[in-house]
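# Residue-level structure breakdown
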Amino acid sequence: MSAVERIRIDRYEPTAIEPRWQQRWAELGLYDTDLADTTRPKFYLLTMYPYTSGNIHIGHWYAKTPTDAIARFHRMQGENVFFPIGFDSFGLPAENAAIKNKIHPREWTLNNIDNMRRQLRSMGTTFDWNSEVVTCDPTYYRWNQWIFLRFLEAGLAYRASSPVDWCPNDGTLAREQVEGADRHCWRCGARVEKRELDQWYLRTTKYADELLDFSGIEWPEPIRIMQTNWIGRSEGAEVVFTTARDAHQPGGDELRVFTTRPDTLYGATFMVMSPEHPLVSKLTHPDRAAEVEAYVTAAGRETEIERMSTEREKTGVFTGSYAINPVNEERIPIWIADYVLAGYGTGAIMAVPAHDERDFAFAQKFGLPIRRVIAGPEISYKDVAAPLEAAYVSHDSKDRMVNSGPHSGQPARDGFTSIVATLENQSRGKAAVNYRLRDWLISRQRYWGTPIPVIYCDADGIVPVPDDQLPVQLPETVDYAGRGENPLKTDTSFVDTTCPKCGGPARRETDTMDTFIDSSWYWFRYLSPADADAPVDRRIEARWCPVDQYTGGAEHAVMHLLYARFFTKAMADLGLVHEREPFKRLFNQGQILGADGERMSKSRGNVEDPDKLVSRYGADTVRLFLMFMGPWDQGGPWSPTGIGGISRFLHRVWTAALDPHGIEAGDPESGVLPAGQDSAAAEKALRAAAHRTLRVVSDEYAELRFNTMVAHLMELSNLLMRYRGTEAAGSAAWNEAVLLLLLMLAPAAPHITEELWARLAEARGEESGADAKSSIHSQPWPAVDDAAAAESEREVPVQVNGKLRDKVMVPVGIAESELERVVLARPKIVAALEGRVPLKVIHAGGKLVNVVVR
RNA sequence: GCCGACGUGGCGGAACUGGCAUACGCGCUCGACUCAAAAUCGAGUGGCCGUGAGGUCAUGCGGGUUCAACUCCCGCCGUCGGCACCA
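Residues numbered from 1 in each chain as written. Chains lettered and ligands numbered in written order. Predicted model: local features only at pLDDT ≥ 70, side-chain atom pairs only at ≥ 80, totals over all residues. Heavy atoms only, no water.

### Focus on the overall build of chain A
- Per the secondary structure count, chain A includes 26 helices and 33 strands.
- Principal-axis analysis of the C-alpha atoms gives chain A an extent of 110 × 85 × 50 Å.
- Across the 854 residues that make up chain A, the buried fraction comes to 53%.
- Across chain A, every contact between residues at least 6 apart in sequence was considered, and the portion connecting residues at least 24 apart equals 73%.
- Summed over all atoms, the accessible surface of chain A reaches about 37,500 Å², with 51% contributed by carbon and sulfur. (Helix = DSSP H or I, 4+ residues; strand = E, 2+ residues; numbered from the N terminus. Buried < 20%, exposed > 50% of the residue type's maximum accessible area, 1.4 Å probe, protein only. Contact = heavy atoms within 4.5 Å. Areas by Shrake-Rupley, 256 points an atom, 1.4 Å probe, with all protein chains shown as cover.)

Structural data, given as structure tokens:
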């Protein structure tokens, strides 16, 4: 090949190629899914829709482009792939930007969406844009309202007054939106306080047990554990204590407690109520009223002041009242302390200081009695009365009950059931289950969200907005007086309305819904985004749900991913959908951190803008680089070091495909076959390598192991380059290897492969790029030729006492005795044996030989 | 504190059910091409000892099981994520 001829080969210039193909694919409608097509198996692939913050950053690329490779891979497998995208577009940032920049949240959001659409397209992703969903659009949020009304009818939505977490800036928060030991707001970081408010809830607890059941879905173990812990099911008993008659009050009130250790009931030496407990004022002795009142007031403020440490000293006050223990009629004092939570169990506990660390600390501080009622196997009868130095918290099967009246001596395990049975006989308690999970508080005092469709009428109370008046639209012009105040509240044109029942004057609810409502069912809406009659088209849903593969970050473990499961179950019970689980398979990609190892955020200034990388290297290089970085579920700090290696790889693919005969200057070896190989052997080696690569790469795509997939494609391209310029280059085997390489690379690097596919077709004199069928992305995934991939010889490592001493080439399928004979004759092995006689020879299925000597 | 993930060259990482530790890539060193540089191509690249063949140590640390351990078991240390007194 002359130098002149080589120069005529076009250079690989991604920025020239990529926009052209993106446009061509859109024109051909290559990725518009026909949901009615039943001739192929369906594959619903979902990636978490982005929040409309304005910019697509490298983290979005890390989440979306490997997911796109999954979509392309499944299409090549012959499946009908549905891969939609949309925008999570309600929420605080839009509102904050509006306040700051004096721009309407809608305008801010829609501008951002325009920019993000452009950026998403530049990735070369195959989203079906026809099914796009934008949650701040009335055509979407009217169905939030409609579903809410169905929940209301079914008793799954209700209004209640209770102490809620309140952020001074952002208003009420769901419990999972309060973070850290100091209880700060997940959005603004301000300290959260408790407020007693009337708010709307969804009855998530109704599904607590079903949500614990993960059978039939393939989710990562850590997420299942997190959800399980979050739901926090515990089995125990509810025990009814009765207040004792006293000078200041008649007694006889029931004080219910939940305990997981009914076997310790004889060890209850006092009781504790939460400061918010309804019986607090009734049970407080007049002499103690001032002290108790002060404590309760302080506790209300508690959460907003220092609460950094769980090691914090226990605090509390005595009410002056006593309760009767149902099993031994013992009279024990009732205290109030903030370590007992109002929202869990009954808001009151029986304190067993001998066997609970918290109760122990409290008893020590206030000098309350501590009585051992459970003894471990090492405790002798004599030691039972000895003072404890710490709470004995144990579930040892050898534990036995002591100081427990008729139950003394019984194994503690049996005590659980026998005490519950005793209580049940006397109607003073029963077996009970408690959950840590609470109902979902959805009211938000914000403008930029879905208005809750109810009306308050003085005559008729809470009146749902009739379906035919939906959507309740957000007013267009609003006055942003300032932060923390919902502008809907002061907008009389919105608030003032008439009662749908009596026609009298009435007020609209001004709270809007938590934005997690939007993402709790959006994948259903993708299937029929324009349907004006129903939120979900049940016929399409029946065919396409559940989502086959969902990808997104693990940070949504106990919020979005739990809410989505709840919604699906609730909607199924309402007959709106068929499936009870939303996402069959879930994969959590890791998180890309800033170069400083911290979470990427605008405030830290460590956000990586992919646009300049794309303009320098091209989208294909950025896609491959992100896949090559490491296992997809791992993420890690961002560093562009090494992206040049990916760029070089794609240049080599380009060269191998278009210029098989070139010889690199300065390389004395190039153009020469490896020693001992003729061109037939070289061609055989090429085919074998290509088909073996195909075998592993197919698995790696299916298992989402993109980093090793890229590595294996690099190995194949390195091999091709080794044979470039030799007699084998340009042979049938070479061409086959090149085409296989392009097909295997196509899902990951769609533009360069499409370009080379088209050029090679043209070189063969075929039409290319004219229709959807000729695209590389419409080709079937190739089949492995097992005969070509098979190897005739194998290199077997040989060890002596587990240490590598030699390697031998032997025919595949060699008999063990023959292999042993060959091995023992090897000079290196003879030397290593030093005359010793082998005790044993391990063959390890022909993969390795280990000669064991003493 | 409880729950979970992870710890391998200078760096990102590979080794799937115990079987050649360090694939692939980055970086670095040397060489070719060049007046020179960039780009590209080639060779080398875990530590230590040795001119060499080779030996020896090494997958966070300490033990153990095994012919054989990055992989399994026990006990520590460290990093990251989740939970936050849930009775």
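Right, picking up where we left off after that structure.
### Observations regarding the packing of aromatic side chains
- Taken as a whole, this structure holds 42 aromatic pairs when the rule is applied.
- An aromatic cluster of at least three residues, connected via ring pairs, comprises Y49, Y522, W523, F524, Y526, Y550 and F583.
- When the ring centre of W219 is taken as reference, the NZ or CZ atom of R565 above it lies at 5.7 Å. (Phe/Tyr/Trp six-rings, centres within 6.5 Å; stacked < 30°, edge-to-face > 60°. Lys NZ or Arg CZ within 6 Å of the ring centre and 35° of its normal.)

### Topic: the protein's contact with RNA strand B
- Neighbouring residues of RNA strand B: 54 residues in total, closest T260, R312, R358, M629 and K807.
- Expressed as a percentage, the sugar and phosphate content of the atoms of RNA strand B within 4 Å of the protein is 64%.
- At a separation of 3.2 Å, a sugar or linking oxygen of RNA strand B approaches a polar side-chain atom of R436.
- Contacts to RNA strand B include K828, whose side-chain N or O atom sits 3.4 Å from a phosphate oxygen.
- Broken down by element, the residue count for the surface near RNA strand B peaks at six residues, all from helix α21 (residues 706–723).
- Residues belonging to the surface near RNA strand B are distributed by class as follows: 20 nonpolar, 15 polar and 19 charged. (Near = heavy atom within 4 Å. Polar contact = N/O pair within 3.5 Å; in protein donor to acceptor, adjacent residues only side chain to side chain. Nonpolar A, V, L, I, M, F, W, Y, C, P; charged D, E, K, R; others polar.)

### Re the side chain of H843
- The residue H843 is located in the loop between β32 (840–842) and β33 (849–852) in this model.
- A distance of 3.5 Å separates a polar atom in the side chain of H843 from a polar atom in the side chain of E820.
- With residues near it in sequence (within four places) discarded, H843 still touches E816, L819, E820, L848 and V849.

### Regarding the pairing of strand β10 (residues 234–243)
- Within β10, eight of the ten residues are buried, which leaves it mostly tucked inside the rest of the structure.
- Pairing of β10 with strand β18 (residues 429–434), which is carried by six bridges, proceeds in the antiparallel orientation. By the bridge assignment, V239 is partnered in β18 with G429.
- Note that β10 and strand β11 (residues 254–259) share six bridges and pair antiparallel. Along β11, the bridge assignment pairs V239 with V257.
- Taken together, the two bridges between β10 and strand β13 (residues 317–324) define a ladder with antiparallel strand orientation. Residue pairing in the sheet places T243 in a bridge with A323 of β13. (Pairing = 2+ DSSP bridges.)

### Considerations on the nonpolar core
- Core analysis: the biggest nonpolar cluster contains 175 residues, and W440, W523 and F567 have the highest contact counts within it.
- Filtering out sequence-adjacent residues up to four positions away, W440 remains in contact with A174, W200, Y201, L202, T204, D514, F516, I517, S520, Y563, F566 and F567.
- Of all hydrophobic cores here, the second largest spans 41 residues; its members include Y266, M273, I332 and Y392. (Core = buried A, V, L, I, M, F, W, Y, C linked by side-chain atoms within 4.5 Å.)

### Quick notes on the pattern of salt bridges
- On inspection of all chains with the given rule, the structure shows 50 salt bridges.
- Across the pair R759 and E755 runs a salt bridge, and its minimum N-O distance is 2.9 Å. Taken as a pair, R759 and E755 lie in helix α23 (residues 750–763) at a separation of four residues, close to a single helical turn.
- On the basis of relative accessible area, R759 is assigned to the partly exposed category, the value being 25%.
- One salt-bridge network, held together by shared partners, links E210, R565, K569, D573, R580 and E581. (Salt bridge = Lys/Arg side-chain N within 4 Å of Asp/Glu carboxyl O.)

### What about unusual backbone geometry?
- The linkage connecting L470 with the following residue, P471, adopts the cis geometry, with an omega of -5°.
- In this fold, P471 is placed in the loop between β22 (461–464) and α13 (492–495).
- Positioned with a positive phi, K102 is a non-glycine residue whose angle comes to about 55°.
- Mapping K102 onto the fold places it in the loop between α4 (92–101) and α5 (105–121).
- Note on K102: relative accessible area 76%, which makes it exposed.
- Positive phi values are uncommon outside glycine, yet N801 reaches one of about 50°.
- If you trace the backbone, N801 turns up in the loop between β30 (793–800) and β31 (803–811).

### Examining helix α19 (residues 643–658)
- Its 16 residues give α19 an end-to-end C-alpha distance of 23 Å, which sits within 8% of 22 Å, the value for a rise of 1.5 Å per residue.
- Residues of α19 that are buried: I643, I646, S647, F649, L650, V653, W654, A656 and A657.
- Check the buried side of α19 and you find it contacts α2 (14–28), α17 (610–617), α18 (619–628), α21, α22 (732–745) and α23. (Expected span 1.5 Å × (residues − 1).)

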